[in-house]
Amino acid sequence: MAAQNDFEVKAFKQHGVIPEQTRAPRIVRVGAIQNKIPVQPDAPIQEQLRALHERMAVLIQAAAGMGVNVVCLQEGWNIPFFMCTRERYPWCEMAESATNGPTVLFLQELARTYNMVIISPILERDEVHMNQIKNTAVVISNNGGIIGKHSKNHIPRVGDFNEASYYVEGTDGHPVFETAFGKIGIAICYGRHHPLNWQAFALNGAEMIFNPSATVAGLSEPLWGIEARNAAIANSVYTIGVNRVGCETYPNAFTSGNGTPAHKDFGWFFGSSYLAAPNGSRTPGLSRTHDGVLCTEIDLNLCRQCQDIWSFPMTGRHEMYAKLLTAYCRDDFVPQTVRDPSLPVAGRQQPQPAQAQASPVCK
């Protein structure tokens, strides 16, 4: 199936979990799907959406064939990542309802068919709040119902990521969704650069934290294999980074504000989706250039085992961090800095050091 439809599959099994006497293994097969847009952004938007749905149906079917219980799609999978262009139309028309839009309805049927929890990050049109646009992940139950949704907490303001001009930051905190296959949090894309974002999902009980992303080669790629893995270790959770692939070309050229010539593409999304475990192990990544489905069999018992072994929940000084963060958020915050009294004071003339005496020459 993969060869016929031009995508790769990789499957792995987590090791290193201690057999327990009082708890049965909590085995879950976790899936990550990365893909390029099937047609370029200048095609009619209905054609773009239809092609995306057709492609995703094939990839999710492959995940189901591998026994995946929970699958996460990439950030904004129902759109080309057009925010780089600074243009609104026609692509803003692709934003849709998170409860009854065509993409949610499409995936609800697949979730029921395959008994699979599906995390679907979309561009949401919030019709209740004056048609605001949001970057939202919808969590669809394995029975086809909607468990809930979470909107992106951290919006980038770097390079061609002009997303702050299109949608608002989420205000729903760090919800954790309890599913038939474990408790999940969703740190959307740029949120992976904020350690406290990961920690907040863990504090709310997440066992798996997904990071659906759309990030291009260059600034972020050296960090890609580090951040989610570090978060898995620090928070005793599984983390799953999911990134799109391909290069998307737009009709009109745009600049990046860095002195380089105007261009019509955003660059290459580098894929490389992977899963990291709380004990520091991780899977190899999917391809940098091809569509792919990653399946990893894990045991959620490892989360508590790593908490017991490393004692991070016990040794963390959360009350101390809370006090500092509360103070930091105030306008009258004063950093707790202890200064060396021998350092010069700004605006005060300092005495010149004495000239060193020449040493006698030994003969």
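## Structural notes on the pairing of strand β6 (residues 146-151)
Here comes step 1: Of the strand pairs in this sheet, strand β5 (residues 132-140) and β6 are connected by five bridges, and their pairing is antiparallel. Counted as the bridge partner of Ile-140 is Ile-146 from β6.

## Overview of the packing of aromatic side chains
Here comes step 1: In this structure the tally under the stated criterion is 12 aromatic pairs.
Here comes step 2: Judged by centre distance (6.3 Å) and plane angle (0°), the rings of Phe-81 and Phe-266 are stacked. Residue Phe-81 is located in the loop between β3 (70-72) and α2 (102-114), and its partner Phe-266 is located in strand β12 (residues 263-270); the two are separated by 185 residues in the primary sequence.
Here comes step 3: Of the residues examined, Phe-81 reaches a relative accessible area of 1% and is grouped as buried.
Here comes step 4: The buried category is assigned to Phe-266, whose relative accessible area is 8%.
Here comes step 5: Between the aromatic rings of Phe-81 and Phe-269, the centroid separation amounts to 6.2 Å while the plane-to-plane angle is 80°, which identifies the pairing as edge-to-face. Of this pair, Phe-81 sits in the loop between β3 and α2 while Phe-269 is found in strand β12, placing the two residues 188 residues apart along the sequence.
Here comes step 6: By relative accessible area, which is 0% here, Phe-269 ends up buried.
Here comes step 7: Through a chain of ring-to-ring contacts, three or more aromatic side chains come together here, namely Phe-81, Phe-161, Phe-266 and Phe-269.
Here comes step 8: Positioned over the ring face of Tyr-166 is Arg-88, at 4.6 Å from the centre of the ring.
Here comes step 9: The aromatic ring of Tyr-274 is capped on one face by Arg-282, whose charged end is 3.9 Å from the ring centroid.

## Remarks on the side chain of Asp-126
Here comes step 1: Here Asp-126 lies in strand β4 (residues 117-126).
Here comes step 2: A distance of 3.2 Å separates the side chain of Asp-126 from the backbone nitrogen of Val-128, its partner in a polar contact.
Here comes step 3: Filtering out sequence-adjacent residues up to four positions away, Asp-126 remains in contact with Asn-131, Gln-132 and Lys-134.

Parameters at a glance
- Residues numbered from 1 in each chain as written.
- Predicted model: local features only at pLDDT ≥ 70, side-chain atom pairs only at ≥ 80, totals over all residues.
- Heavy atoms only, no water.
- Pairing = 2+ DSSP bridges.
- Helix = DSSP H or I, 4+ residues; strand = E, 2+ residues; numbered from the N terminus.
- Phe/Tyr/Trp six-rings, centres within 6.5 Å; stacked < 30°, edge-to-face > 60°.
- Buried < 20%, exposed > 50% of the residue type's maximum accessible area, 1.4 Å probe, protein only.
- Lys NZ or Arg CZ within 6 Å of the ring centre and 35° of its normal.
- Polar contact = N/O pair within 3.5 Å; in protein donor to acceptor, adjacent residues only side chain to side chain.
- Contact = heavy atoms within 4.5 Å.

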